[in-house]
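What follows is the residue order along each chain.
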Amino acid sequence: MRCELHAEWTKLRTSPATGWLLLAVVAVTVVLSTATAALVTCPSSGCGHDATRISLTGVQVSQALVAVLAALTISSEHTTGMIRTSITAMPRRVRILAAKAIVLTGPTLAAGAIGVVGAVVAAGRLLPGNGFTSAHGYGPLSLADGSTLRAVAGSVLYLVLIALLSLGIATAVRDAATAIGVVLSLLYLVPIIALLISDPQWQRLLRQISPTNAGLTIQVTTDVSSLPISPWAGMGVLAGWTAAALLGGNLMLRRRDA
Amino acid sequence: MRPRFVHLLRAEWTKLRTVRGWTIAMLAAGLVTVALGLLIASGDRASCGDGASEEACPAAPVGPGGEAVQDRFYFVHQPLTGDGTITVRLTSLTGIITYPPPGHDEIVDDVVPWAKAGIMIKDGAEPGSAYAAVMMTGDHGARMQHDFTHDTAGLPGGASNTSPRWLRLTRSGDTLTGEESADGVRWTGIGTIRLKGLPDEVQVGLFVASPCDLTVNSSLGGSSEECRFTQATAVFDRVDVQGSTPLGTWSGIEVADDDGQTDWEKDHRPNGLVRSGDTFTVSGAGDIAPLGDSGAAPIERTLTGTFAGLIIVIVVAAMFVTTEYRRGLIRYTLLASPRRGRALAAKAAVIGVVTFVVGLAATAVTLPLGTRILRANGINILPVSQLTELRVVVGTAALLAVAAVSALALGILFRRSIAAVTVGVAVVVLPYFLAVGAVLPESAAAWLMRVTPAAGFAIQQSIPAYPQVIGHYAPSTGYYPLAPWLGFAVLCGYAAVVLGLAALRLRRSDA
């Protein structure tokens, strides 16, 4: 397994897109979260905003970049034919996928953590100026606070799971364009449908099973009881999607000719 | 021999048609637009009445312009035959607002910005009939309005005992002229309008309306609206009607009253007329204005599946060219058409037209079917003209086609499908998700729908936002900041820019 890990790490490290994408993940997470925090105001007490969630808004977009990075690690091999060399060199195909998943986790975790913590720190400086003060019922954002810590750590974990989900789908689908189309649809279409459908039961069901809606409940720190699914159960749903995608990808990788 | 353009078109059409995956994907793009639209429509339900006896909600009255309107106010009127003039002096406009923020705990003495009191000539007292009116408003000065959607501003200011305002409305055939004055001697014109087909006998009189007081609680992920009862009271004197027929008697009617009374009306002051000598004190509630989306659905509600079709179309259009780069086919394409701009034009034309046809088939089926489902579920559809309906149907198909052409150009720019698809989705679908899904605050959402290619979604908006009606106008409620064609033009501008860059790249770099 060490050889596989080494090979995959070299591929990821030397691909020119990796560095830029990781940088973009950090930048988008911080900038978009800060911009949102700068625009939301809390004019009076009981304004109903979730300060932690506002300061993590950027994750909604940076997840797309994480997904692209993950899809690239496998679909670019299919595009260039490199996958045949990889399989010849490492005949145990499941190990290739496992090595890719492990190697992908590290940089995603690092970039996600830097981005998410940076977002919370930057937003935490802006929010008190917009009325998120103790007079209106908001303490300063602090990682020492249990629910904020859960939201922050959960958001990093969320990004990692999205990366692995994307890797699994891209392994199963092979073609780069189709893979990224499927992943982005899963990330963004289901939440829009859940929003537009007005039947409350359907809406609730979609929010419980959609990887993004369920997964991002981890960011909610106020009114947790009114959520369609509890934060960690939601993360579990996303983990289920990820596991299914990786298993499916593994199956297709083993069954099909490269 | 240089190939004729039609041969290039034929070649590109053959390439597109013969890849089975692409054909299936294009069909899927159409089907998913239809299926999602109908699914969302069938999940939408509404009923009125109290709990046990659910019944269909009554349809809103329709104004002379064909739009749904609210037409509820207190009208003190008498018949007028032929030409004539009504002149009044308004000495006071006051009112109450029930339980406004922040406390929501008391009834305050105040008028809402668009409370209206003045004089009106109307084609009968039926809701939705044609009218012209001159009025004072709570915050927006003197106005002349007619037929619900038209609004002309006069001088600003209010009316009080110390500085009363005179209003005059003159009918001469189809032409109505509104004037105002501070002293009843020197008159300033506000507007002259024509009401086509106004019958000989009309109702002339005094009116008071006061729209409900809207508060929007917007938080990320959704918003809630609350509209609280308000009432306005106006005091008129020096009421003078000049006409060919002798002055009749005044009678009061609550136009479009729903029989229900708020506690305020029961215990304090009902809507109506109190007359002492020549002084008329009129109280009223409601509004005379086009109806927004409250309780009824705009036609584009059925086309919400478009963005799903959009992703598929972007993927196919990008692959249409990136596959050629991957397989080396692009060299033969350029060999066959040495003038590379023409090769690009042929490719763009084929993907654009195919997407347009698929999109048009999808929207032309979804809109009538979807509105039928919504009606069957008890949801009233806001009526629009056939031209607007055509614009929504054709415009949505054009939106898909322009997005496809842009994705194709991105494919040539990046030469890699993953980059082309990601950028295509990120600039068209992602802003729509962030804005319409209320992920971002409303100010940022409106800004996104102005400057990103997603501005093109404005082509779907069938009901405009009216400045003279206070509403919750935000992308998440279906109101885009740019006018339909302007928004579409923004999308086309972006498409033109990437197409130009793609042409440049195609000519300058080796394939």
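Residues numbered from 1 in each chain as written. Chains lettered and ligands numbered in written order. Predicted model: local features only at pLDDT ≥ 70, side-chain atom pairs only at ≥ 80, totals over all residues. Heavy atoms only, no water.

(A) Representation of the state of the cysteines in the model. Residues and elements named next belong to chain B. In the structure shown here, the tally under the stated rule is one disulfide over all chains. Linked covalently through their sulfurs, Cys-212 and Cys-227 form a disulfide whose S-S length is 1.9 Å. Residues Cys-212 and Cys-227 are joined by a disulfide whose S-S torsion is about 85 degrees; by sign, that bridge is right-handed. Residue Cys-212 is located in the loop between strand E12 (201-209) and strand E13 (213-219), and its partner Cys-227 is located in strand E14 (residues 222-228); the two are separated by 15 residues in the primary sequence. (Disulfide = S-S within 2.5 Å. Helix = DSSP H or I, 4+ residues; strand = E, 2+ residues; numbered from the N terminus.)

(B) Just the interface of chain B and chain A, in detail. Taken together, the contacts link 34 residues of chain B with 33 residues of chain A. Note on chain B versus chain A: buried area summed over both sides is about 2900 Å², and carbon and sulfur give 79% of it. At the surface where chain B touches chain A, the tally comes to one salt bridge. Across the pair Arg326(B) and Asp175(A) runs a salt bridge whose closest N-O atoms are separated by 3.4 Å. Connecting chain B to chain A are one residue pair in polar contact (both at pLDDT 80 or more). Listed by contribution, the elements that provide at least two residues to the side of chain B that touches chain A are helix H2 (20-42), E13, helix H4 (306-327), helix H8 (417-436) and helix H9 (442-451) of chain B. (Contact = heavy atoms within 4.5 Å. Buried area = accessible area lost by both parts, 1.4 Å probe. Salt bridge = Lys/Arg side-chain N within 4 Å of Asp/Glu carboxyl O. Polar contact = N/O pair within 3.5 Å; in protein donor to acceptor, adjacent residues only side chain to side chain.)

(C) Structural detail: H8(B). All names here are of chain B. For H8, built from 20 residues, the straight-helix expectation of 28 Å at 1.5 Å per residue is met to within 8% by its first-to-last C-alpha distance of 27 Å. Within H8, the axis deviates most sharply at Ala-426, by approximately 40 degrees. For H8, the tally of buried residues reaches 16 of 20 residues, placing the bulk of the element in the interior. Count one or two residues on from H8 and you reach Ala-438, which has phi positive near 55 degrees. (Expected span 1.5 Å × (residues − 1). Bend = angle between axes of the 7 residues up to and from the residue. Buried < 20%, exposed > 50% of the residue type's maximum accessible area, 1.4 Å probe, protein only.)

(D) Just a nonpolar patch on the surface, in detail. All names here are of chain A. Together, Val-117, Val-121, Leu-143 and Leu-149 give the surface a local cluster of nonpolar side chains, amounting to about 300 Å² of exposed area. By secondary structure assignment, the location of Leu-143 is in the loop between helix H6 (93-126) and helix H7 (146-173). For Leu-143, a relative accessible area of 37% corresponds to the partly exposed category. (Patch = residues over 30% accessible without salt bridge, like charges linked within 9 Å, V, L, I, M, F, W, Y side chains within 5 Å. Areas by Shrake-Rupley, 256 points an atom, 1.4 Å probe, with all protein chains shown as cover.)

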